[in-house]
Amino acid sequence: MKEKQRIVVKIGSSTLTHAETGELDLERLEKLVRILTDWSNRGKEVVLVSSGAIAVGRKTMKLEERPKEKAVKQACAAIGQTRLMMVYQRLFAEYNKVPAQILMTKLTMVNDENRRNARATFSELLRMGVIPIVNENDTVVTDEIEFGDNDTLSAIVAALIHADLLILLSDIDGLYTDDPHKNPEATLVREVEYITEELEMMAKGAGSDVGTGGMATKIAAARIANDAGTDMVIANGENIGCLREILSGEPVGTLFYAHKNPRFHLIDYLLKPPTEKT
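Residues numbered from 1 in each chain as written. Predicted model: local features only at pLDDT ≥ 70, side-chain atom pairs only at ≥ 80, totals over all residues. Heavy atoms only, no water.

**Student:** Describe the overall build of the chain, with residues and values.
**Tutor:** For the chain, the count of helices and strands is 11 helices and 8 strands. Its C-alpha radius of gyration of 17 Å places the chain within 12% of the 19 Å reference for a compact globule of 278 residues. For the C-alpha atoms alone, the extent of the chain along its principal axes is close to 45 × 40 × 35 Å. Out of the 278 residues in the chain, the part that is buried amounts to 53%. Residue pairs in contact within the chain that sit at least 24 positions apart in sequence constitute 75% of those at least 6 positions apart. Roughly 13,400 Å² of accessible area belongs to the chain as shown, and the carbon and sulfur atoms make up 49% of that amount. The chain carries 34 positive and 41 negative side-chain charges, and their two centres are separated by 4 Å. (Helix = DSSP H or I, 4+ residues; strand = E, 2+ residues; numbered from the N terminus. Rg over C-alpha atoms; globule rule 2.2 N^0.38 Å. Buried < 20%, exposed > 50% of the residue type's maximum accessible area, 1.4 Å probe, protein only. Contact = heavy atoms within 4.5 Å. Areas by Shrake-Rupley, 256 points an atom, 1.4 Å probe, with all protein chains shown as cover. Lys, Arg positive; Asp, Glu negative; His and termini not counted. Charge placed at Lys NZ, Arg CZ, Asp CG, Glu CD.)

Structure follows, in structure tokens:
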């Protein structure tokens, strides 16, 4: 883990916000920004995939529940994305680090020329020492061109830029043998060499009120990342310090080992229907 050079970190809405109020958890965000900046200062290349636009927009407009109508969700995303990026901009500026915003849809990746341009843009930003902040372009996305969740998006980004490591920060410690909220005897799976049907059956984690991805989407992300040759870790983002522990080689969360598939083609995953949101 200490040798990982190009790293993608995905943080979910439930990790970005306070469960009690839905407001942004600024202390956690500040720690996240500090760690990512420190990695960049050490010469590592870092990409952040950040959820939260709809959650922030929803809170701004004082909506009690997550919106279900697409027009309302897209309006919340338009409001929340600007506010979220403003927070990131200010936090990174405290450490003299420049972030960049990249909003994507599946259409960006399906088109060969657009995909090459996206890869070139990422490469140039990383060469400059900039930290790209990626999100799905929820403001304009339709059912036909959406990724479905940012777990999948982060895996596709990792595959696109040939990342060494993908870290999914969630509200659970990792993959369990059963739902730990319902079964006290459920145990944490520390390492996964190959994703089997049995493992997929275990992935019944439920999404939260503010997020869209359950454990099933994380297993799907692991399949993409691993086939592309990228290790992936699921860890609990409540303790942002786990990022340091992961890169130090400590056993944190669940590690899915890369096994480069010689027949891997990113376009094959992009043409699949979007993952069902939970």
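**Student:** Describe the pairing of strand β4 (residues 131-136), listing the residues and the values that go with them.
**Tutor:** The buried fraction of β4 amounts to 6 of the 6 residues, a majority that puts the element mostly inside the structure. The two faces of β4 match: Ile131, Ile133 and Asn135 on one face and Pro132, Val134 and Glu136 on the other face are all buried. Bridge count between strand β2 (residues 45-50) and β4: 2 bridges; the pairing is parallel. Looking across to β4, one finds that Val49 is bridged to Val134. Here strand β3 (residues 99-104) pairs with β4 via 6 bridges, running parallel. The residue of β4 that forms the bridge with Met104 is Glu136. (Pairing = 2+ DSSP bridges.)

**Student:** Talk me through the environment of Met215; I want residue IDs and the actual numbers.
**Tutor:** If you trace the backbone, Met215 turns up in helix α9 (residues 215-228). Since its relative accessible area comes to 6%, Met215 is described here as buried. Separated by 49 residues in the primary sequence, Met215 and Leu166 have C-alpha atoms spaced 15 Å apart.

**Student:** Run through the sheet that holds β3, naming residues and quoting values.
**Tutor:** Spatially, 8 strands are ordered β3-β4-β2-β1-β5-β7-β8-β6 in an open sheet, and the strand pairing comes out mixed. Two strands in the sheet have a free side with no partner beyond their single neighbour: β3 and β6 (191-192).

**Student:** Which residues make up the pattern of salt bridges, and what values go with them?
**Tutor:** According to the stated counting rule, one finds 9 salt bridges in the structure shown. When the shortest N-O distance is used, the salt bridge between Lys10 and Asp151 registers 2.9 Å. Placement of the pair is Lys10 in strand β1 (residues 6-11) and Asp151 in helix α7 (residues 150-160), with a sequence separation of 141 residues. Classification of Lys10 as buried rests on a relative accessible area of 8%. Across the salt bridge formed by Arg34 and Glu30, the nearest N and O atoms sit 2.7 Å from each other. Here Arg34 pairs with Glu30, and both are found in helix α2 (residues 26-41), just 4 residues apart, close to one helical turn. Exposure remark for Arg34: the relative accessible area of 33% places this residue in the partly exposed category. (Salt bridge = Lys/Arg side-chain N within 4 Å of Asp/Glu carboxyl O.)

**Student:** Tell me about the side chain of Gln74, and please be specific about residues and values.
**Tutor:** With respect to the helices and strands, Gln74 occurs in helix α4 (residues 70-94). Taking relative accessible area as the criterion, Gln74 reaches 18% and is therefore assigned buried. Contact partners of Gln74, with chain neighbours within four places excluded, come to Asp138, Thr139, Val140 and Val141.

**Student:** Run through the pairing of strand β7 (residues 231-236), naming residues and quoting values.
**Tutor:** With 6 of 6 residues buried, β7 lies mostly within the body of the structure. Of the two faces of β7, the one lined by Asp231, Val233 and Ala235 and the one lined by Met232, Ile234 and Asn236 are each fully buried. Sheet topology places strand β5 (residues 165-170) next to β7; 6 bridges connect them, and they run parallel. Counted as the bridge partner of Leu169 is Ala235 from β7. Bridge count for β7 against strand β8 (residues 254-256) is 3 bridges, and the pairing is antiparallel. Within β8, the position partnered with Ile234 by the bridge is Thr254.

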